[in-house]
Amino acid sequence: DNDFKKIKYVHDKLIEISQYHDYTEEEISQYQSMVSIFETGNTVCAGYAYGFKFIMDQLGIKTICTHDISNEDTSKNHIWNMVELYGKWYNLDITWDNKKDTEGIIYDYFLKDNDEK
């Protein structure tokens, strides 16, 4: 129908088909790509972000993956998406919205502008 509905559907579907995976040092490369979210459903922030971007690219919706590079230990950095909707860019973090084990799908990090906490 419209881009908002498409973005929300993909956000929710990626949460529905996956779970966050606490990985060991030996497993790190296995979960740092979009393959993990589609192949096994076990993923980390990189899988959510790259998987979301892949689908948005197919739908023609502008999306980027953005990184937190503030940690000296790069294994602790985080990645999420920014998506353009109706001419404005918003932050979207599927990893942090995936609380399905305790609260279900939440929207605390869904389409937030840079001024929102």
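Please read these numbers as outputs of a predicted model, since none were measured by experiment.

With that settled, consider the packing of aromatic side chains. Taken as a whole and judged by the stated rule, the model has 4 aromatic pairs. Between Phe 4 and Phe 110, the aromatic rings sit 5.9 Å apart at their centres with planes inclined by 75°, giving edge-to-face as the arrangement. Separated by 106 residues along the polypeptide, Phe 4 in helix α1 (residues 3-16) and Phe 110 in the segment after β7 (104-105) bring together distant segments of the chain. Look at Phe 4 and you get partly exposed, because its relative accessible area is 35%. On the numbers, 5.6 Å between centres and 80° between planes, the contact of Tyr 107 with Phe 110 is edge-to-face.

Where strand β4 (residues 79-85) and strand β5 (residues 88-92) come together, 5 bridges link them in antiparallel fashion. Looking across to β5, one finds that Glu 84 is bridged to Trp 89. Linking β4 back to β5 in an antiparallel pair, the connection comprises 2 residues, with Tyr 86 at a positive phi of about 55°.

Let's shift gears to α1. Given a rise of 1.5 Å per residue, 14 residues ought to cover 20 Å, and the 20 Å separating the end C-alpha atoms of α1 matches this to within 8%. Restricting attention to buried positions, one finds in α1 the residues Ile 7, Val 10, His 11, Asp 12, Leu 14 and Ile 15. The opening residue of α1 is Asn 2, an N-cap whose side-chain oxygen sits 3.1 Å from the backbone nitrogen of Phe 4.

Looking now at the sheet that holds β5. An order of β3-β4-β5 is seen for the 3 strands of this open sheet, with the pairing classed as antiparallel. If you trace the sheet from one side to the other, it starts and ends with β3 (63-67) and β5, each paired once. Taking the axes of each pair of neighbouring strands and ignoring which way they run, one obtains an average angle of 30° across the sheet. The pairing of β3 with β4 spans 5 bridges and is antiparallel. Looking across to β4, one finds that His 67 is bridged to Ile 79. Here α1 sits on the sheet in contact with β4 and β5, set at roughly 160° to β4. Of the strands in this sheet, β3, β4 and β5 are in contact with helix α4 (residues 45-59), which crosses β4 at around 25°.

Calculation criteria
Once a new chain begins, its residue numbering starts again from 1 and follows that chain's sequence as written. In keeping with the model being predicted, local features are shown solely for residues with a pLDDT of at least 70 and side-chain atom pairs are shown and tallied solely at 80 or more, while totals for entire chains, interfaces and linings include all residues. Processing note: side-chain calculations cover all non-hydrogen atoms of the structure and skip hydrogens and water entirely. Each pair of aromatic rings taken from Phe, Tyr and Trp, with Trp reduced to its six-membered ring, is defined by centres within 6.5 Å and is described as stacked if the planes are under 30 degrees apart, edge-to-face if over 60, and tilted in the remaining cases. Counting from the N terminus, the helices are DSSP H or I runs at least four residues long and the strands are E runs at least two residues long. Burial classes follow relative accessibility: with a 1.4 Å probe on protein chains only, a residue under 20% of its type's maximum area counts as buried, one over 50% as exposed, and anything between as partly exposed. Between any two strands, pairing holds if DSSP finds at least two bridges. An expected span of 1.5 Å times one less than the residue number is assigned to each helix. Any N or O atom pair separated by 3.5 Å or less is treated as a polar contact, with the protein-specific requirement of one donor-capable and one acceptor-capable atom, and with residues adjacent in sequence counted only for side-chain atom pairs. Angular values range over 0 to 180 degrees, each being the angle between N-to-C directions of two axes fitted as lines to C-alpha atoms, with helices fitted over their stretch in contact. Any two residues having at least one pair of non-hydrogen atoms within 4.5 Å are treated as being in contact.

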